[in-house]
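Close look at the chain arrangement
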Amino acid sequence: MAQQQFLHQRPIQNPFSSSKSSLSNRPISLLSRNGLLLLLALLVILGVFVPWAGSPLFPSPNTLSPAQSKWRQYSLAEAVKFVAKNRTVIVCAVSYPYLPFLNNWLISVSRQNHQDKVLVIAEDYATLYKVNERWPGHAVLIPPALDSQTAHKFGSQGFFNFTSRRPQHLLQILELGYSVMYNDVDMVWLQDPFKYLEGRHDAYFEDDMTAIKPLDHSHDLPPPGKKGRPYICSCMIFLRPTSGAKLLMKKWIEEMQDQPWSRAKKANDQPAFNWALMKNAHQVDLYLLPQAAFPTGGLYFKNKTWVKETKGKHVIIHNNYILGFEKKTKRFRDYGLWLVDDHALESPLGKLD
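Only a predicted model underlies this, so the values are computations on that prediction, with no experimental measurement involved. Chains are numbered independently. Their residues run from 1 in the order of the written sequence. Thresholds applied to this predicted model are a pLDDT of at least 70 for local features of residues and 80 or more for the giving and counting of side-chain atom pairs; totals over whole chains, interfaces and linings are not thresholded and use all residues. Calculated side-chain values reflect all of the structure's heavy atoms, with hydrogen atoms and water omitted.

Here we come to the pairing of strand S2 (residues 118-122). The two faces of the sheet receive side chains in turn, since in a regular strand these alternate between them. For every residue, the accessible area (1.4 Å probe, protein chains only) is compared with the maximum for its type, and the residue is labelled buried under 20%, exposed over 50%, or partly exposed between those bounds. In DSSP terms, a helix is any run of H or I states spanning at least four residues, a strand is any run of E spanning at least two, and both are numbered starting from the N terminus. Across the five residues of S2, five count as buried, placing the element largely inside the fold. On S2, burial covers both faces: Val 118, Val 120 and Ala 122 on one face and Leu 119 and Ile 121 on the other are all buried. Only strands that DSSP links by at least two bridges are regarded as paired with each other. One ladder, built from five bridges, connects strand S1 (residues 88-94) with S2; its direction is parallel. Looking at the pairing, Val 91 lines up with Leu 119 of S2. Assessed by its sense of winding, the connection that carries the chain from S1 through helix H5 (residues 99-110) to S2 is right-handed. Bridge analysis of S2 against strand S3 (residues 139-141) gives three bridges, and the strand direction is parallel. By the bridge assignment for S3, Val 120 is matched with Ala 139. By the criterion used throughout, a crossover qualifies as right-handed when its path from the first strand across the helix to the second strand runs clockwise, the strands pointing away from the viewer.

If you want it as structure tokens, here you go:
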């Protein structure tokens, strides 16, 4: 893209082209000051711009295939209509470094026969092209594309930019008239979560606290904690296209705007989601999913006694309460939940290079 800008700049005027100048036809010596500056400029261009041209993260529009050009024009409305089953879609938002986790999650979703309704919201063009190359129509990019190299670092401005778009994407899908389940891709399905969406509530979610609840705990929004708000995870949400769910997304967006990222306050989307839940609980029909079925990673991976006591009840496992690709991958492997090593062919994407 940088190369494209360079090519479309106004042509550099030759400072020696004036007919009034006696130097108009004098050649530039490479040993002269101007010659050395020109040579240095060419080396910078070749060394900086050329290696990025056509790379998967920064594809040049001049090198796009017809298929890639088509996917650039693919709209959210078209994508949702294509993947939806019974007016329901499952969405995740993914940047290029997280493709292995996407594939791992997809294997688990496929085992529950829900892969056909999955829509990957690609946050960069490399992800858009890769997913649609392997699984046509199941990825869409909602401009602008983000810098995928910074979007995965928790606490960074890139991560904030990545997560802050989540309620906007979900609201757009609701406005199109579809129910939507959102998942982070550092999750693994062990059972079908749709069986646990009891009733006709506006919004369903899981608690992010590690304190053990009774098996018959209330499904109301938990009371606020020390920070004056609940600790609900924004990693797994199910929404119906109701006025209540749309209101919740709009309020979440407003809370994000009121709590922007800064170096002093490295915000993310989850506190804003909790403020929106708490402030609008009287206007939105909310449902807290059972903890035994949807445990936070801080409970599932750190309390072996509880895991043994609730064996057979777990539905979705979230690999949170830990940071970093390597650490998350190792923990999944340690618990037999890193499926891509031996079961990649069960994913719609197959084995990724």
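The term salt bridge refers to a pairing of a side-chain nitrogen on Lys or Arg with a carboxyl oxygen on Asp or Glu at a separation within 4 Å. According to the stated counting rule, one finds ten salt bridges in the structure shown. The closest approach of N and O atoms between Lys 328 and Asp 186, which form a salt bridge, is 2.7 Å. Of the two residues, Lys 328 is situated in helix H13 (residues 325-334) and Asp 186 in the loop between strand S4 (179-183) and strand S5 (187-189); the sequence distance between them amounts to 142 residues. A relative accessible area of 6% means that Lys 328 is categorised as buried. Given the relative accessible area of 8%, Asp 186 is considered buried. Lys 279 is the partner of Glu 255 in a salt bridge, and the nearest nitrogen-oxygen pair spans 2.8 Å. One end of the pair, Glu 255, is in helix H9 (residues 243-258); the other, Lys 279, is in helix H10 (residues 269-279), and 24 residues separate them in sequence. Residue Glu 255 is classed as buried on the basis of its relative accessible area, which comes to 9%. The exposure class assigned to Lys 279 is partly exposed, which follows from its relative accessible area of 45%.

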